[in-house]
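The chain contents come next:
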Amino acid sequence: MKIFGKMYDKTMQWSRHRLAVYWLCFVSFIEAVFFPIPPDVMLIPMAMNKPKQAMKYALYTALASMLGGLLGYAIGYYAYDFVQHYIIQFGYQAKMEQVIAWFDQWGILVLFVAGFSPIPYKVFTIAGGLLHMALLPFAVTAFVSRAARFILVAKLSAWGGPKIEAKLRRSIEVIGWGVVVLAVIAYLILR
């Protein structure tokens, strides 16, 4: 069953759209609050298509992510009681408790890890607000952390450029199904 090739083609088509930068910023903003898909899904193909624009895309993504992070912070600060039900419902409660413990232990430095952590970024932003962390250091650290990640992703994608795009397309079904198999194996082992 070939499904990953169609998804890859559609993503590449979106990355070439004239409004792609706006979509990238929008996805980056909402991912920091509630959206489950990371902005890398748009950033990678955009950086591969236009390697000279990769740094600009990374900075846009980081800025939009920081602004979304500020909304997540505000939700944690002012409306945690309202969203706690959703955090539990979507299975983020254990992750939220882990992030709170990290913040208690290491303070704002945890945000540097947040950019590269498998724990969704939204958990860090909401927890930061819940813990009433100082807003300016939170925003600056969030921006630096996310910028480091997105610059790394954009640079690697731009380095591969359009040549890698064609090679990926030929192998996308194998890569896609391989990731699915690895995810199932990881789930079975960690369960």
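Predicted, not measured: the structure shown is a model, and the values here were computed from it.

## A short note on the UniProt feature "transmembrane region" (unreviewed entry) in the chain
- If you check UniProt for "transmembrane region" (unreviewed entry), the listed places come out as residues 20–37, 57–79, 99–119, 131–152 and 172–190 in our numbering.
- When the span residues 57–79 is considered, its composition is 96% helix and 0% strand, and the gap between its end C-alpha atoms is 32 Å.
- Secondary structure within residues 99–119 divides into 62% helix and 0% strand; the distance between the first and last C-alpha atoms comes to 9 Å.

## Notes on the pattern of salt bridges
- Taken as a whole and judged by the stated rule, the model has two salt bridges.
- Glutamate 31 serves as the salt-bridge partner of arginine 146, at 2.6 Å between the closest nitrogen and oxygen. Highlighted residues: arginine 146 in helix H9 (residues 135–190) and glutamate 31 in helix H2 (residues 20–31), separated in sequence by 115 residues. Both residues of the pair, arginine 146 and glutamate 31, belong to the buried class.
- Ionic pairing is found between arginine 149 and aspartate 40, a salt bridge with its closest N-O pair at 2.5 Å. Within this pair, whereas arginine 149 is found in helix H9, its partner aspartate 40 is found in helix H3 (residues 40–49), the two being separated by 109 residues in sequence. Taken individually, arginine 149 and aspartate 40 each receive the classification buried, so the pair is uniform in this respect.

## Notes on helix H1 (residues 4–16)
- The end-to-end C-alpha distance of H1 is 18 Å, a good match for the 18 Å that 13 residues give at a rise of 1.5 Å each.
- Inspection of H1 places Phe4, Gly5, Tyr8, Thr11, Met12 and Ser15 among the buried residues, and these make up the whole buried set. Taken around the axis of H1, the buried residues stretch over an arc of 130 degrees, which confines them to a single face.
- Where H1 is buried, its residues contact H2, H3 and H9.

## Some words on the environment of isoleucine 175
- On the secondary structure map, isoleucine 175 appears in helix H9.
- Note: C-alpha distance between isoleucine 175 and phenylalanine 4 (171 residues apart in sequence) is 8.6 Å.

## Some details on the layout of surface pockets
- Roughly 550 Å³ of volume is contained in the largest pocket.
- At the level of elements, H1, H3 and H9 are the ones that each hand at least two residues to the lining of the largest pocket.
- The calculated volume of the second largest pocket comes to roughly 280 Å³.
- Every residue lining the second largest pocket is listed: Val33, Phe34, Ile75, Val83, Tyr86, Ile87, Phe90, Tyr92, Met96, Lys122, Val123 and Ile126.
- Sorting the residues of the lining of the second largest pocket by element identifies helix H5 (80–89) and helix H8 (121–130) as the ones contributing at least two each.
- For the lining of the second largest pocket, a count of residues per class yields 11 nonpolar, no polar and one charged.

## Points about the UniProt feature "domain: VTT" (unreviewed entry) in the chain
- Mapped onto this numbering, the UniProt entry gives "domain: VTT" (unreviewed entry) at residues 54–154.
- Secondary structure across residues 54–154 comprises 83% helix and 0% strand; the distance between its end C-alpha atoms is 5 Å.

## Quick notes on the packing of aromatic side chains
- If you walk through the whole model with that rule in mind, you get six aromatic pairs.
- Between phenylalanine 103 and phenylalanine 124 the ring centres are 6.4 Å apart and the planes differ by 85 degrees, which places this aromatic pair in the edge-to-face class. Of this pair, phenylalanine 103 sits in helix H6 (residues 93–106) while phenylalanine 124 sits in helix H8; the two residues are 21 residues apart in sequence, bridging distant segments of the chain.
- Relative accessible area serves as the criterion here: at 4%, phenylalanine 103 is assigned to the buried category.
- Clustering of aromatic rings is evident, with ring pairs tying together Tyr73, Tyr77, Tyr78 and Phe138.

## Topic: the confidence of the model for the chain
- This prediction gives the chain a mean pLDDT of 88; 99% of its residues lie at or above 70.
- Of all secondary-structure elements in the chain, the lowest mean pLDDT belongs to H1, at 78, while helix H4 (residues 54–78) reaches the highest, 95.

## Some thoughts on unusual backbone geometry
- The phi dihedral of histidine 132 is positive, around 55 degrees, even though this residue is not glycine.
- The class for histidine 132 is partly exposed, based on a relative accessible area of 45%.

Reading the values: the criteria
- Residues numbered from 1 in each chain as written.
- Predicted model: local features only at pLDDT ≥ 70, side-chain atom pairs only at ≥ 80, totals over all residues.
- Heavy atoms only, no water.
- UniProt positions renumbered as here; feature names shortened; annotations may be inferred.
- Helix = DSSP H or I, 4+ residues; strand = E, 2+ residues; numbered from the N terminus.
- Salt bridge = Lys/Arg side-chain N within 4 Å of Asp/Glu carboxyl O.
- Buried < 20%, exposed > 50% of the residue type's maximum accessible area, 1.4 Å probe, protein only.
- Expected span 1.5 Å × (residues − 1).
- Arc of directions from axis to C-beta.
- Contact = heavy atoms within 4.5 Å.
- 1 Å grid on protein atoms, 1.4 Å probe; cavity = no way out; pocket = protein on both sides within 12 Å on 5 of 7 lines; lining within 4 Å.
- Points joined across faces, edges and corners; volume = space filled by probe spheres on them.
- Nonpolar A, V, L, I, M, F, W, Y, C, P; charged D, E, K, R; others polar.
- Phe/Tyr/Trp six-rings, centres within 6.5 Å; stacked < 30°, edge-to-face > 60°.
- pLDDT = per-residue confidence, 0-100.

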